[in-house]
Amino acid sequence: MHGPTRHDDIESILYTEEQIAARVNELGAQIAADYADAIERGEEVVLVGLLKGSVMFMADLSRAVKIPVRMDYMAVSSYGNGVKSSGMVRVLKDLSDDIAGCHVLIVEDIIDSGLTLKYIQKNLLSRGPRSVEIVSLLRKDISDQADIACRYLGFVCPDEFLVGYGLDYAERYRNLAEVCVLKPEVYASLL
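Bringing the overall build of the chain into the picture now. Helix and strand counts for the chain stand at four helices and nine strands. Overall, the chain shows an N-to-C arrangement of helices and strands of β-α-β-α-β-β-β-α-β-β-β-β-α. By the compact-globule yardstick of 16 Å for 191 residues, the chain fits well, its C-alpha radius of gyration being 17 Å. Dimensions along the principal axes, computed over C-alpha positions, put the chain at roughly 50 × 40 × 30 Å. When the 191 residues of the chain are sorted by exposure, 48% land in the buried category. Expressed as a percentage of contacts within the chain between residues at least 6 apart in sequence, the contacts between residues at least 24 apart total 66%. By element, 49% of the accessible surface of the chain is carried by carbon and sulfur atoms, the whole surface being about 9700 Å². Side chains of the chain give 20 positive and 29 negative charges; the mean places of these two sets differ by 4 Å.

For the rest of this paragraph, the subject is the sheet that holds strand β8 (residues 162-163). Across the sheet, three strands lie side by side as β1-β9-β8; this open sheet has antiparallel pairing. Only two strands of the sheet have a single neighbouring strand rather than two, namely β1 (10-15) and β8. As defined by bridge partners, β8 adjoins strand β9 (residues 179-182) across two bridges and the pair is classed as antiparallel. Its bridge partner lying in β9, L162 is registered against V181.

Bringing the nonpolar core into the picture now. In terms of nonpolar packing, the biggest core is built from 30 residues, with F57, L61, L137, L138 and V179 touching the most fellow members. Broken down by secondary-structure element, the contributors of at least two residues to this core are α1 (17-40), β2 (45-51), α2 (55-64), β5 (103-111), β6 (131-140), β7 (152-157) and β9. With seven residues, the top contributor of residues to this core is α1. Setting aside residues no more than four positions away along its own chain, L61 makes contact with V24, L27, G28, I31, V107 and V135. Within the second largest apolar cluster, 18 residues are counted, among which are V76, L124, I134 and I148.

Now for the packing of aromatic side chains. Taken as a whole, this structure holds three aromatic pairs when the rule is applied. Residues Y15 and F155 carry aromatic rings whose centres are separated by 4.1 Å and whose planes lie at 20° to one another, so their mutual orientation is stacked. Of this pair, Y15 sits in strand β1 while F155 is found in strand β7, placing the two residues 140 residues apart along the sequence. Relative to Y169, the ring of F161 has its centre 5.5 Å away and its plane inclined at 85°; by these criteria the two rings are edge-to-face. Residue F161 shares its accessibility class with Y169, and that shared class is buried. Grouped by ring-pair contacts, the aromatic residues F161, Y169 and Y187 constitute a single cluster.

Procedures and definitions
- Residues numbered from 1 in each chain as written.
- Predicted model: local features only at pLDDT ≥ 70, side-chain atom pairs only at ≥ 80, totals over all residues.
- Heavy atoms only, no water.
- Helix = DSSP H or I, 4+ residues; strand = E, 2+ residues; numbered from the N terminus.
- Rg over C-alpha atoms; globule rule 2.2 N^0.38 Å.
- Buried < 20%, exposed > 50% of the residue type's maximum accessible area, 1.4 Å probe, protein only.
- Contact = heavy atoms within 4.5 Å.
- Areas by Shrake-Rupley, 256 points an atom, 1.4 Å probe, with all protein chains shown as cover.
- Lys, Arg positive; Asp, Glu negative; His and termini not counted.
- Charge placed at Lys NZ, Arg CZ, Asp CG, Glu CD.
- Pairing = 2+ DSSP bridges.
- Core = buried A, V, L, I, M, F, W, Y, C linked by side-chain atoms within 4.5 Å.
- Phe/Tyr/Trp six-rings, centres within 6.5 Å; stacked < 30°, edge-to-face > 60°.

Purely spatial values, then, with no claim about function.
Written as structure tokens, this is what we have:
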């Protein structure tokens, strides 16, 4: 079925499938332009997707970046109660390949508190890459966010519980084509 998401747990659609696709293509073109000279010099660019949330974004972004890139993944855990970050980060799956001397782009679905991303950025910088930059589809507009530079950003979004396009609640809703606001009564027991 094409068209808007139909689901009883969804309050509203924040970004449509078409809006997301257009922005991902813009980000891909910008990344390709910014790293074209590095590729000419024989330097490698590595997209590092943060599992599981970045899967949809990583797949679409990698196709939109029209220069040669390597792809790798990390899985980390930091959400104590499923709603707010605990600040404690545990690496569940590390990179498969060495990133020393490479340009690394961390691909994230959403920057919420920024604590997990700050940890991952520091961790990857310790491995000797040429550079480490962040690409995020979404960044919440909140005041108590960690100070983290995001070179490539899709959208600044409100502080709502978002699902779809890789974002989940209790491992559900990741497959929605849009980014949607989840009804508060769905997760109210966790607050």
